[in-house]
Amino acid sequence: MNKKMSDAELSRRLGAYQVIERIGTVLGLILIMAGGIIAIVQHNLWIFAGLFFAGVIVLVIISFIVNTKKNVLLNLQLGDFFHSELQSAFGPGTAEPAMLINVSFLKGAELIDQCWEGSDISNFFEGEHDTTRFSVANVTLDHLVEERSGPDNDNWMTKTVTVFSGVIIRCADMCDANLDMSITDRYQESPPKGDVSDPAVFAERFKVRTSDGREAAALVTPEMRTLCSELEKAVDGKLCGLKLKDGEAAAALHTKYQFANVPPNTDLRNIDGIRKAYVESIETIKTLLDILKNNL
């Protein structure tokens, strides 16, 4: 049986993990930078590769071990609080989810108009908010890219590029069942600046089409542009996709925000701060759901 710690004890333990993580990150970055400098000055690919991979290994090992121990401790000590807050907000959840957010759904919904092979889906939850049935999950999508490397650009290496990191939401009975529209970000290298509620900015940022691929920009209303703008502001992020079909609304938001999670930059020595951050992560989903409901 695990002993419950006082907030002061938990603060000390989590603070120690935080210090170890920072030291490991600095050490790993120093090794990677040293390898880069040697590659430029001495053109020694072997030393560069050794230092580079040593730095990466330090970063990965420290991150994995510390994060694992940190998360286990957090769940053991504050798991009851997290569970209680989640149930209080959205009910007990669904034993047999009807609106899964998995690889199959993400491939079929095409909310992110980018190639991707790897995925990480966490904190899936299906519940209810003000009679609205919804599901949500934190999602990261990665694409593998082959690129040249080495001092003379004569080698190839596989690089993992994150094309999406954020939150995916699905809502049942949210819009007109006859509405068929998919709004996706164009993923430009130099996206237009400005609020997407502006028709010109919206048209430059997004493609709009029906599920069978037909152009559907004429279906976009001022209310729809306002909806997209408010979603982005609510998470300080970027709308990558919004799909409206058969009464269901699904949205993909690229953001640092994570549902039912404590942000990485949270000071783990502040236990009340951890509780507050978790509650705020739940409140943000309520805000997003309200925005969808009020504008559709």
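Participant: Is there a simple way to explain the overall build of the protein in this structure?
Facilitator: Within the protein, the regular secondary structure consists of six helices and seven strands. With the C-alpha coordinates of the protein rotated into their principal frame, the extents come out at 65 × 55 × 35 Å. Burial status across the protein gives 38% buried among its 296 residues. For the protein, the share of sequence-separated contacts (at least 6 apart) that also reach a separation of at least 24 residues comes to 66%. Working note: accessible area of the protein is about 16,200 Å², and carbon and sulfur atoms make up 55% of it.

Participant: Help me out: how do you make sense of the pairing of strand β6 (residues 238-245) in this one?
Facilitator: In the case of a regular strand, side chains alternate between the two sheet surfaces. Extensive coverage of β6 is indicated by the burial of six of its eight residues. Looking at chain direction, strand β4 (residues 180-185) and β6 are connected through five bridges and run antiparallel. Its bridge partner lying in β6, Ser182 is registered against Lys243. Note: β6 against strand β7 (residues 248-254), seven bridges, orientation antiparallel.

Participant: Is there a simple way to explain the pattern of salt bridges in this structure?
Facilitator: Two side chains that carry opposite charge are able to pair once their charged atoms sit near each other. As enumerated under the stated definition, the model contains 11 salt bridges in all. The residue Asp7 makes a salt bridge to Arg275 at a minimum N-O spacing of 3.1 Å. Residue Asp7 is found in helix α1 (residues 7-42), and its partner Arg275 is found in helix α6 (residues 271-295); the two are separated by 268 residues along the sequence. The class of Asp7 is partly exposed, set by a relative accessible area of 35%. Notably, a salt bridge pairs Lys207 with Asp113, separated by 2.2 Å at the nearest N-O pair. Of the two residues, Lys207 is situated in strand β5 (residues 206-209) and Asp113 in the loop between α3 (103-109) and β1 (118-129); the sequence distance between them amounts to 94 residues. Residue classification places Asp113 among the partly exposed residues on the basis of a relative accessible area of 28%. A network of salt bridges, in which partner residues are shared, links Asp7, Asp272 and Arg275.

Participant: Just checking my understanding: could you explain the layout of surface pockets for this structure?
Facilitator: Rolled over the atoms, a probe with the dimensions of a water molecule shows which regions are left empty. Put simply, the largest pocket is a space of about 790 Å³. As for the largest pocket, its lining consists of 29 residues, of which Asn67, Lys70, Asn71, Asn261 and Val262 are closest to the centre. Elements supplying a minimum of two residues to the lining of the largest pocket: α1, α2 (45-90) and β1. Element by element, the count of residues in the lining of the largest pocket is highest for α2, at 11 residues. Roughly 540 Å³ of internal volume is contained in the second largest pocket. Lining the second largest pocket are 21 residues; nearest its centre among them are Lys256, Tyr257, Gln258, Asn261 and Pro264.

Participant: For this particular structure, what's the right way to read the pairing of β7?
Facilitator: Extensive coverage of β7 is indicated by the burial of six of its seven residues. Between the end of β6 and the start of β7, which pair antiparallel, lie two residues, with Asp246 showing a positive phi angle near 55°.

Participant: In this structure, what is going on with helix α5 (residues 222-235)? I would like to understand it.
Facilitator: A turn of α-helix holds 3.6 residues, and therefore any two residues three or four places apart point the same way. With 14 residues, α5 extends 21 Å from end C-alpha to end C-alpha; this agrees with the ideal 20 Å at 1.5 Å per step. For α5, the complete set of buried residues consists of Met224, Arg225, Leu227, Cys228, Ser229, Leu231, Glu232 and Val235. Looking at the buried residues of α5, the elements they touch are β4, α4 (199-205), β5, β6, β7 and α6. One or two steps after α5, the chain reaches Asp236, where phi turns positive at roughly 50°.

Participant: Is there a simple way to think about the packing of α5 against α6 in this case?
Facilitator: Each pair of packed helices gets described by two things: the angle between the helix axes and the distance between those axes. Where α5 meets α6, the closest approach of the two axes is 9 Å, and the angle between their N-to-C directions is 175°. Taken together, α5 and α6 sit at an angle that is classed as roughly antiparallel. Counted together, Glu223, Thr226, Leu227, Glu230, Leu231, Ala234 and Val235 of α5 and Thr284, Thr287, Leu288, Ile291, Leu292 and Asn295 of α6 form the full contact between these two elements. Residue classes in the contact of α5 with α6 are distributed as seven nonpolar, four polar and two charged.

Rules behind the numbers
Residues numbered from 1 in each chain as written. Predicted model: local features only at pLDDT ≥ 70, side-chain atom pairs only at ≥ 80, totals over all residues. Heavy atoms only, no water. Helix = DSSP H or I, 4+ residues; strand = E, 2+ residues; numbered from the N terminus. Buried < 20%, exposed > 50% of the residue type's maximum accessible area, 1.4 Å probe, protein only. Contact = heavy atoms within 4.5 Å. Areas by Shrake-Rupley, 256 points an atom, 1.4 Å probe, with all protein chains shown as cover. Pairing = 2+ DSSP bridges. Salt bridge = Lys/Arg side-chain N within 4 Å of Asp/Glu carboxyl O. 1 Å grid on protein atoms, 1.4 Å probe; cavity = no way out; pocket = protein on both sides within 12 Å on 5 of 7 lines; lining within 4 Å. Points joined across faces, edges and corners; volume = space filled by probe spheres on them. Expected span 1.5 Å × (residues − 1). Axes fitted to C-alpha atoms, helices over the stretch in contact; angles between N-to-C directions. Parallel < 35°, antiparallel > 145°, perpendicular 65-115°, else oblique. Nonpolar A, V, L, I, M, F, W, Y, C, P; charged D, E, K, R; others polar.

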